[in-house]
Amino acid sequence: MNDAAKVTAQHLGRDAYLYVRQSSLHQVTRNTESARRQYDLRGRAVALGWPAERVIVIDADQGQSGASAADREGFQRLVADVSLGRAGIVLGLECSRLARNNADWHRLLELCALRDTLICDEDGLYDPGQVNDRLLLGLKGTISEAELHYIRARLQGGILAKAARGELRVRLPVGLVYDPAGRVCLDPDSGVQQALAHLFQTFQATGSATAVVKAFAAQGLKFPARHVTGPHAGELYWIALRHDNVLFALHNPRYAGAYFYGRRRSVTDLDGRTRTQVKPREQWTVLIEDAHPGYISFDQFEANQATLTANAASRGDDRRSGPPREGPALLQGLVVCGKCGKRMTVNYHARCDGSLMPDYACQREGIATGTPPCQAMSGAGVDAAVAALVLEQLTPLALETALAVSSELAQRTEHANRIRAGHVQRAQHAADAARRRYLAVDPTNRLVADTLEADYNHRLRELADAQDDHDRAQRAGNAPLTSDQQERICALAADLPALFNDPATPLRERKRLIRLLITDITLIKTSDHILAHVRMPGGTLHTLTVPRSLRAWEAHTTPAATIARIDELLADHTYDETVAILNQERQRSGWGKPFTVASLTQLCKKRGIPSLRDRLRAAGMLTIQEAADQLAVTPATIKIWQRRGDITGRRVDGRREHLYHPGQTRPPDHRRRARQHLTQAVDTDINPTTYTGGAV
Ligand SMILES: [Zn+2]
């Protein structure tokens, strides 16, 4: 059956689909011949009888590989339209254009067969419904997939052999360049070298990529970058340093002079999407140490990796230690549970005075399983004990450290100044060059002159900015330390305990100091104390025993000495008298407040301290009723007698109550006594008004 006979009116009644694709954008721009041949297939469709306006061209997948259908929108549209029965014919230059993957290819064939859609390539016209054509198309698909493999293998083989020798030229990170002989060397631009050296030095000093970014921003330093493509390819420009720039530099072995290849692999998901993964070091295809000059040693590179891993571990699954943060818990990020070995978390509770107190808790398992926390303890005591230990360890080293700190500060400031001066010099050079170019141009050639003038203005602005940065840094005191400043730093650093305990020292700095000397701390709480095993770098272990801090109710318990004093005072004083004496002696309750009658009464009731009344009653003194009964009078009479002084009572607490000694006798009858006195006065002619013999 010839080609034309396969085309029926039913096919012609539907649209013709022309699928155009090239694998990479490079091919799209450079290999225009292939594109022309692909578009020419439209003529083929017209020759077979389709009107030109019914030939639908799908070229949405330019620059996409045929290895998978996942990201090829155009191919997916083609498959959809075929399955909906809209396509009479599908045209592609060769079947590899349609798919280089058998699964995609056979799916398309199956759909074309079901929907009676023809397939046309440069070699001929096929009807997937016919067994011979189907066989041939299947074979072409298989060859197309295999071809992809062979193309890759040929390319990869050569690449791998070159890479194994370390000779494969790859794009170098900024700061490294190829010399004319093709060898890798440091960028001859001293500004670039200084910026990279400063980055690595700052990381070594601070141990944190974020701190490097902050240091560059604070000092107003820029970081170099190079245009990779475009009209300015290879040209250097300066950017504000970003966190990803720092991580890229720290993770890149080339800065340590090592050649590597095959650090990543691409992984294809089930849905056909590919992504790249970084392989573990031992699986890299090629790693050659000391292959070329670098900015740091390979050992330093390894140390940086370890630091980054440790920093990242604070976010990982089993967080052992994290970078220091702002909270007051000194040991945050260093504490490990002595019972189960998990990392302990920091909680804070506020005291009445508003200060935050740290608590260390092992609660991960408890939260996960809804059980009580493994152990939890107040951290204030542990923090203080560990700080004391650190200062004790540090004192002999203090002066040495101070000098090192001082000289490093001076060095870093000078380094930053050199970089800034370099910026100014470079900008000046660029501005001069732009000026020369501008002056050299024929002024009547307006187009060129305008462009050069704009460039000259741009360079002048850059120069002014660089000069500003430089001047501002000088004014901001970023200049090298004077001898006076150095002396002051020495004086401060020589007394590290004072510096450490100075409230002006930020908590973060205190924690960093702690981290320099402590690897981790394992805490175990027993019934009356906390055991803290402090591990120092190098494996030295110190064990501290810290008294368990008081529970809230314990912390607010009235001191035993005060209780004893109260007991002593109550032997001879009422509550109100006792309160007056206690407050005069400045004794305080468990909550640190002065005593009141109410609070003292409550305290005595709770502690079982007998009151004065209880004590007197126990000693046998009588209440007013009992005294009245004993003397066979009414309580009112007892009161009158007491007022007259005929009997004595003792005041105790509560509603002006008095207690009376037992065994008191009835006083003589006053009325009778008065009459007797009166008679005596008449008898002895004594003036009764001068009578003083008792209460009347
Ligand atoms: Zn635990």
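Residues numbered from 1 in each chain as written. Predicted model: local features only at pLDDT ≥ 70, side-chain atom pairs only at ≥ 80, totals over all residues. Heavy atoms only, no water.

### Some points on the overall build of the protein chain
Then step 1. A count of helices and strands for the protein chain gives 27 helices and 22 strands.
Then step 2. Burial status across the protein chain gives 36% buried among its 696 residues.
Then step 3. When contacts within the protein chain are restricted to residue pairs at least 6 apart in sequence, those whose partners lie at least 24 apart make up 60%.
Then step 4. Of the roughly 39100 Å² that the protein chain leaves accessible, carbon and sulfur atoms contribute 54%. (Helix = DSSP H or I, 4+ residues; strand = E, 2+ residues; numbered from the N terminus. Buried < 20%, exposed > 50% of the residue type's maximum accessible area, 1.4 Å probe, protein only. Contact = heavy atoms within 4.5 Å. Areas by Shrake-Rupley, 256 points an atom, 1.4 Å probe, with all protein chains shown as cover.)

### Let's talk about the coordination of the zinc ion
Then step 1. Binding of the zinc ion to the protein goes through Cys 337 (SG), Cys 340 (SG), Cys 362 (SG) and Cys 374 (SG), at separations of 2.2 to 2.4 Å.
Then step 2. Considering all 4 donor atoms around the zinc ion, angles at the metal cover 98 to 119° and the coordination shape is tetrahedral.
Then step 3. Coordination of the zinc ion draws on donor residues from a single chain, spaced C-x2-C-x21-C-x11-C in sequence. Here the residue Cys 340 occupies a position in the loop between β14 (335-337) and β15 (345-350), and Cys 374 occupies one in the loop between α13 (364-369) and β17 (375-378), the gap between them amounting to 34 residues.
Then step 4. Judged by relative accessible area, Cys 374 falls into the partly exposed class, the value being 31%. (Donors = N, O, S within 2.8 Å, 3.2 Å for Na, K, Ca; no water. Tetrahedral: all angles 85-135°; square planar, octahedral: opposite > 155°, others 65-115°.)

### As for the pattern of salt bridges
Then step 1. Summed over all chains, the structure comprises 29 salt bridges.
Then step 2. One salt bridge in this structure joins Arg 565 and Glu 585, with 2.4 Å as the shortest N-O distance. Here Arg 565 is found in helix α21 (residues 560-570), whereas its partner Glu 585 is found in the loop between α22 (575-584) and α23 (597-607), with 20 residues between them in sequence.
Then step 3. The closest approach of N and O atoms between Asp 567 and Arg 615, which form a salt bridge, is 2.7 Å. Placement of Asp 567 in helix α21 and of Arg 615 in helix α24 (residues 612-618) is noted, with a sequence separation of 48 residues between them.
Then step 4. Since its relative accessible area comes to 22%, Arg 615 is described here as partly exposed.
Then step 5. Through salt bridges with shared partners, a single network forms among Arg 437, Asp 455, Arg 459 and Glu 462. (Salt bridge = Lys/Arg side-chain N within 4 Å of Asp/Glu carboxyl O.)

### Some points on the sheet that holds β15
Then step 1. In space, the 3 strands of this open sheet follow the order β15-β16-β17, with antiparallel pairing throughout. Edge positions in the sheet fall to β15 and β17, since each of these pairs with one other strand and no more. Ignoring which end each strand starts from, the neighbouring axes of this sheet average 25° apart. (Pairing = 2+ DSSP bridges. Axes fitted to C-alpha atoms, helices over the stretch in contact; angles between N-to-C directions.)

### Here we look at the side chain of Arg 14
Then step 1. Considering the arrangement of structural elements, one finds Arg 14 in the loop between α2 (9-12) and β1 (15-19).
Then step 2. Here Arg 14 occupies a buried position and makes no salt bridge, while the nearest side chain of opposite charge, Asp 116, is found at 4.3 Å. (Lys, Arg positive; Asp, Glu negative; His and termini not counted.)

### Things to note about a nonpolar patch on the surface
Then step 1. Together, Leu 136, Leu 139 and Ile 143 make up a nonpolar patch on the protein surface, roughly 290 Å² of accessible area in all.
Then step 2. Structurally, Leu 139 is set in helix α8 (residues 131-164).
Then step 3. A relative accessible area of 53% places Leu 139 in the exposed class. (Patch = residues over 30% accessible without salt bridge, like charges linked within 9 Å, V, L, I, M, F, W, Y side chains within 5 Å.)

### Topic: the packing of aromatic side chains
Then step 1. Applying the stated rule across the entire model yields 7 aromatic pairs.
Then step 2. Connected via pairs of aromatic rings, a cluster forms that spans Phe 200, Tyr 255 and Tyr 295.
Then step 3. The positively charged end of Arg 72 is found above the aromatic ring belonging to Phe 75, 4.5 Å away from the centroid.
Then step 4. Over the ring of Tyr 178 we find Arg 169; its NZ or CZ atom is 3.9 Å from the centre of that ring. (Phe/Tyr/Trp six-rings, centres within 6.5 Å; stacked < 30°, edge-to-face > 60°. Lys NZ or Arg CZ within 6 Å of the ring centre and 35° of its normal.)

### Focus on the packing of α22 against α23
Then step 1. Where α22 contacts α23, the axes come no closer than 9 Å and their chain directions differ by 105°. In terms of axis orientation, α22 runs roughly perpendicular to α23. When α22 is examined against α23, the residues Tyr 575, Asp 576, Thr 578, Val 579 and Leu 582 are found in contact with a partner set consisting of Val 597, Leu 600, Thr 601 and Cys 604. (Parallel < 35°, antiparallel > 145°, perpendicular 65-115°, else oblique.)

### Describing the sheet that holds β14
Then step 1. Taking strand neighbours across the sheet as the criterion, the 4 strands line up as β14-β18-β19-β20 in an open arrangement whose pairing is mixed. In this open sheet, the two edge strands, each paired with only one partner strand, are β14 and β20 (541-547). Strand-to-strand twist in this sheet, taken as the mean axis angle between neighbours without regard to direction, amounts to 25°.
Then step 2. The pairing of strand β18 (residues 520-525) with strand β19 (residues 529-535) spans 6 bridges and is antiparallel. Each residue of the ladder has a partner; that of Ile 524, found in β19, is Leu 531.

### Brief notes about the confidence of the model for the protein chain
Then step 1. Per-residue pLDDT for the protein chain has a mean of 82; in total, 87% of the residues score no lower than 70.
Then step 2. Note on residues 316-320: pLDDT under 50 across the span, and 13 contacts to partners over four residues away in sequence or across chains. (pLDDT = per-residue confidence, 0-100.)

### Some details on the layout of surface pockets
Then step 1. In this structure, the second largest pocket encloses a volume near 970 Å³.
Then step 2. In terms of lining residues, the second largest pocket is bounded by 34 residues, among which Arg 171, Leu 172, Pro 173, Phe 248 and Asn 252 are the most central.
Then step 3. Mapped onto the lining of the second largest pocket, the elements with two or more residues apiece are α8, β6 (176-178), β8 (222-226), β9 (236-240), α11 (243-251), β10 (259-261) and β11 (264-268).
Then step 4. Residues belonging to the lining of the second largest pocket are distributed by class as follows: 19 nonpolar, 8 polar and 7 charged. (1 Å grid on protein atoms, 1.4 Å probe; cavity = no way out; pocket = protein on both sides within 12 Å on 5 of 7 lines; lining within 4 Å. Points joined across faces, edges and corners; volume = space filled by probe spheres on them. Nonpolar A, V, L, I, M, F, W, Y, C, P; charged D, E, K, R; others polar.)

### With respect to α23
Then step 1. All of the buried residues in α23 are Leu 600, Leu 603 and Cys 604. Buried residues in α23, looked at end-on, bunch into an arc of 95°, giving them a common side. Away from its buried face by more than 90 degrees, α23 exposes Ala 598, Gln 602, Lys 605 and Lys 606.
Then step 2. On its buried face, α23 sits against α21 and α22. (Arc of directions from axis to C-beta.)

### Comments concerning unusual backbone geometry
Then step 1. Located in the positive-phi region is Asp 116, a residue other than glycine, with phi close to 55°.
Then step 2. With respect to the helices and strands, the residue Asp 116 is situated in the loop between α7 (102-114) and β4 (118-120).
Then step 3. One non-glycine residue with positive phi stands out, namely Ala 632, at about 55°.
Then step 4. Checked against the element boundaries, Ala 632 lands in the loop between α25 (624-631) and α26 (635-644).
Then step 5. Classification of Ala 632 as exposed rests on a relative accessible area of 64%.

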